[in-house]
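Remarks on the overall topology
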Amino acid sequence: MWENAYYGDYDNSDTDETKIRRHIPVPCRTCEAVLRKLTVTLYYCATCHQGFCNEHGNFAGPGRGRCIHCGPHPAASS
Ligand SMILES: [Zn+2]
Ligand SMILES: [Zn+2]
């Protein structure tokens, strides 16, 4: 399923959002930075344009949402 995934660093000139819009999965940047774990995702944050898994963002619908850094935190954490 992830054979066309991009495993590189976040690229400002070709953001994770842009890649996901081309159906290229990217690593969750929070898993990568905090947990040193690779979680490939097709969700991106509409604010910072980075990829996030569904544990690290709030996603109302497919693809697009807001990561824990930019968006309202999930009710469970408050
Ligand atoms: Zn994650
Ligand atoms: Zn964000």
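No experiment lies behind these values; they were computed from the predicted model shown.

1. Looking at the overall build of the chain
Secondary structure summary: the chain contains two helices and five strands in total. Listing each helix as α and each strand as β along the chain from the N terminus yields α-β-α-β-β-β-β. Out of the 78 residues belonging to the chain, those deemed buried represent 26%. Residue pairs in contact within the chain that sit at least 24 positions apart in sequence constitute 23% of those at least 6 positions apart.

2. Quick notes on unusual backbone geometry
Positive phi, normally seen in glycine, also occurs at R36, with a value near 55°. The topology assignment puts R36 in the loop between α2 (29-35) and β2 (40-41). For R36, a count of 7 C-beta atoms within 10 Å corresponds to the exposed category. Backbone geometry places H49, a non-glycine residue, at a positive phi of 65°. Its location among the elements puts H49 in the loop between β3 (44-45) and β4 (57-58). Since 17 C-beta atoms lie within 10 Å of it, H49 is described here as partly exposed.

3. Things to note about the sheet that holds β4
Across the sheet, which stays open at both edges, the three strands sit in the order β3-β5-β4 with mixed pairing between neighbours. Every other strand in the sheet has two partners, leaving β3 and β4 as the edge strands with one partner each.

4. Quick word on the nonpolar core
Judged by nonpolar contacts, I20, V26, C28, Y43, Y44, C45, F52 and C67 together constitute the single largest core of eight residues. For C67, the residues in contact, after removing those within four places along its chain, are T30, C45, C48, Q50, F52, H56 and G57.

5. Section: the environment of R29
Take R29: it is sitting in helix α2. The spatial distance from the C-alpha of R29 to the C-alpha of G51 is 6.0 Å, given a sequence separation of 22 residues. What R29 contacts, discounting residues up to four positions off in sequence, is Y10, Q50, G51 and F52.

Conventions we followed
- Residues numbered from 1 in each chain as written.
- Chains lettered and ligands numbered in written order.
- Predicted model: local features only at pLDDT ≥ 70, side-chain atom pairs only at ≥ 80, totals over all residues.
- Helix = DSSP H or I, 4+ residues; strand = E, 2+ residues; numbered from the N terminus.
- Buried ≥ 20, exposed ≤ 12 C-beta atoms within 10 Å, placed from the backbone.
- Contact = placed C-beta atoms within 7 Å.
- Pairing = 2+ DSSP bridges.
- Core = buried A, V, L, I, M, F, W, Y, C linked by C-beta atoms within 7 Å.

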